[in-house]
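Overview (structure and organization)
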Amino acid sequence: MSMKNAYLLSVMDNLKAKNAHEPEFLQAVEEVLESLEPVVEADPRYERLNVIGRMVEPERVVMFRIPWVDDSGKVQVNRGYRVQFNSAIGPYKGGLRLHPSVNLSVIKFLGFEQVFKNSLTTLPMGGGKGGSDFDPKGKSDGEVMRFCQSFMTELQRHIGPDTDVPAGDIGVGAREIGFLFGQYKKIRNEFTGVLTGKGLSYGGSLARTEATGFGLCYFADAQLRDNGQSFAGRRVVISGSGNVAIYANQKCTQLGGRVVAMSDSNGYIVDENGIDYKVIQEIKEVKRERIRTYLDYVPSAKYVEGCSGIWTVPCDIAMPCATQNEIGEVSAKTLIANGCIGVFEGANMPSTPAAIAAYQAAGILFSPAKASNAGGVATSGLEMSQNSERLSWTFEEVDAKLKGIMEGIYAACAAAAEKYGMKGNIQAGANIAGFLKVADAMLWQGI
Ligand code: NDP
Ligand code: 2IT
């Protein structure tokens, strides 16, 4: 650990002692605290009023039983979570993840990151996250519906349009949000903007589906341009083939990049002619199939079993859009050795600390998730605004706002990094800029 500040070290030590079995959460916190050293040293109030000690403790954690009946009539039980991390600058806001790997550590790391990300958007949203270890893969629509209904039966008492507004994440898309919304409305007898990522016929926002992927590319484009580069003519590798990956492909192709590889948890495809996002949309969103079936559409492409090998495909630009810790030190060094000029994170915490250290040592461009994937939640914030005023904006209007927000986040991160003596370090800039607004609000509001 490179941290030297005694106050930050004591917060971190205390957190490790209390949460020894939460490695992802500790990793996310340590990454932020390391960047905050100059900030804490410049303003004694953060230590005197123990702002950091308060920030690393969620305001509330809810864990609950989710019983549901499968198609064969058997009763299944999953575990549900909602971590309401910080409400200093607005109602808790953040996605719900359905994946067998979900546990308290994963949801706490995601909730912690969300606090800073939401602050960076400049919109009034606090941070939260939730989910379950339910695996939607291989389940029928009926099973997914009964699970979502049972999940919401408990969750509804903890959320609300002015309290906590969940949305999608891994395993939660339009289908799940619809079932969750339907159940909330039945139980509460209220039609409100309690969830975002809703369908367009019942209060959803145009461009929310595309927002995280588009926003990632707007951010990357701003960072590339600031460094005299662009997407034009670049080979791009995007991991994952879900919501974020599909629309990152669409936008970066529009910006002149060529996406040569994409993946799912089973393996990856390589298509030197460039992967058409519409084919991936068909495979993943319509058919809910595996990415290997891409070969049925494009027989000249190649499929390789195992997802981590995707980082051996030579590229100029890497956009990890699958899951946490998907790029370790070896993959990072392989990317660099193959000439990669930048890693722009779409997934949450996809690079391990050793991978980030490798990017920094090599001096390649790097955008941290909490800055470059903030377009999804920013557009969720715009969905909340539209729900409040009971109006819908056009696709162009939302997309233009999203682009402006992403360019603003890049500028804010760059400015904060420079102010604290770390010019060009967008990772530190994101942590600092995200922190300052939340910390200021906490100071104003007392203990
Ligand atoms: P989806 O469920 O739509 O897609 C997830 C993709 O990642 C799938 O291709 C999936 O493969 C792959 N994947 C998931 N888990 C693993 C794993 N353990 N190992 C390898 N591959 C895996 O999710 P999203 O696209 O919404 O989310 C992707 C990432 O982006 C997540 O980190 C999420 O937190 C983050 N994010 C999402 C936002 C959103 O608005 N949706 C906003 C900001 C960040 P398979 O189908 O085989 O499981
Ligand atoms: O990680 C994230 O920012 C999301 N999954 C989106 C959250 C949201 O509330 O739109």
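Just so it is clear, the structure is predicted and the values come from calculations on it, not from any experiment. (Residues numbered from 1 in each chain as written. Chains lettered and ligands numbered in written order. Predicted model: local features only at pLDDT ≥ 70, side-chain atom pairs only at ≥ 80, totals over all residues. Heavy atoms only, no water.)

1. Things to note about the site of ligand 2
Surveying the vicinity of ligand 2 reveals 14 residues, the closest of which are K93, K117, D169, R208 and S380. One nitrogen or oxygen atom from the main chain of G168 is found 3.0 Å from a nitrogen atom belonging to ligand 2. A distance of 3.0 Å separates an oxygen atom of ligand 2 from a polar atom in the side chain of R208. Summarising the interface, the protein chains cover 94% of the accessible area of ligand 2, which totals 300 Å² for the free molecule. Broken down by secondary-structure element, the contributors of at least two residues to the shell around ligand 2 are β3 (92-98), α5 (104-120) and α15 (375-389). A breakdown of the residues in the shell around ligand 2 according to their chemical character gives two nonpolar, seven polar and five charged. (Near = heavy atom within 4 Å. Polar contact = N/O pair within 3.5 Å; in protein donor to acceptor, adjacent residues only side chain to side chain. Areas by Shrake-Rupley, 256 points an atom, 1.4 Å probe, with all protein chains shown as cover. Helix = DSSP H or I, 4+ residues; strand = E, 2+ residues; numbered from the N terminus. Nonpolar A, V, L, I, M, F, W, Y, C, P; charged D, E, K, R; others polar.)

2. Things to note about the packing of aromatic side chains
Following the criterion strictly, the structure yields 16 aromatic pairs and no others. With 6.4 Å between their ring centres and 75 degrees between their planes, F214 and Y218 make a pair best called edge-to-face. Within this pair, F214 and its partner Y218 are both found in helix α8 (residues 208-226), separated by four residues, close to a single helical turn. Side by side, F214 and Y218 carry an identical accessibility label, which is buried. Arranged with centres 5.5 Å apart and planes meeting at 85 degrees, the rings of F219 and Y410 form a pair that is edge-to-face. In this pair, F219 sits in helix α8 while Y410 sits in helix α16 (residues 395-419), placing the two residues 191 residues apart along the sequence. Overall, F219 belongs to the buried group, its relative accessible area being 0%. An aromatic cluster of at least three residues, connected via ring pairs, comprises F64, W68, F134, F147 and F151. (Phe/Tyr/Trp six-rings, centres within 6.5 Å; stacked < 30°, edge-to-face > 60°. Buried < 20%, exposed > 50% of the residue type's maximum accessible area, 1.4 Å probe, protein only.)

3. Things to note about the sheet that holds strand β11 (residues 342-344)
Read from one edge of the open sheet, seven strands run β9-β8-β7-β6-β10-β11-β12, paired in mixed fashion. The open sheet has two edge strands, β9 (302-305) and β12 (365-367), and neither has a second partner. Sheet twist, expressed as the mean angle between neighbouring strand axes with direction ignored, is 15 degrees. As paired elements, strand β8 (residues 267-270) and β9 share four bridges and run antiparallel to each other. When the sheet's bridge partners are listed, V270 is paired in β9 with K302. (Pairing = 2+ DSSP bridges. Axes fitted to C-alpha atoms, helices over the stretch in contact; angles between N-to-C directions.)

4. A word on empty space enclosed by the protein
As enumerated under the stated definition, the model contains one cavity of 30 Å³ or more in all. The calculated volume of the largest cavity comes to roughly 130 Å³. What lines the largest cavity is a set of 14 residues, and nearest its centre among them are E31, E113, E345, M349 and I356. Every element with two or more residues in the lining of the largest cavity is listed here: α2 (23-42), α13 (353-362) and α14 (369-372). Per-element tally for the lining of the largest cavity: the top contributor is α2, with three residues. (1 Å grid on protein atoms, 1.4 Å probe; cavity = no way out; pocket = protein on both sides within 12 Å on 5 of 7 lines; lining within 4 Å. Points joined across faces, edges and corners; volume = space filled by probe spheres on them.)

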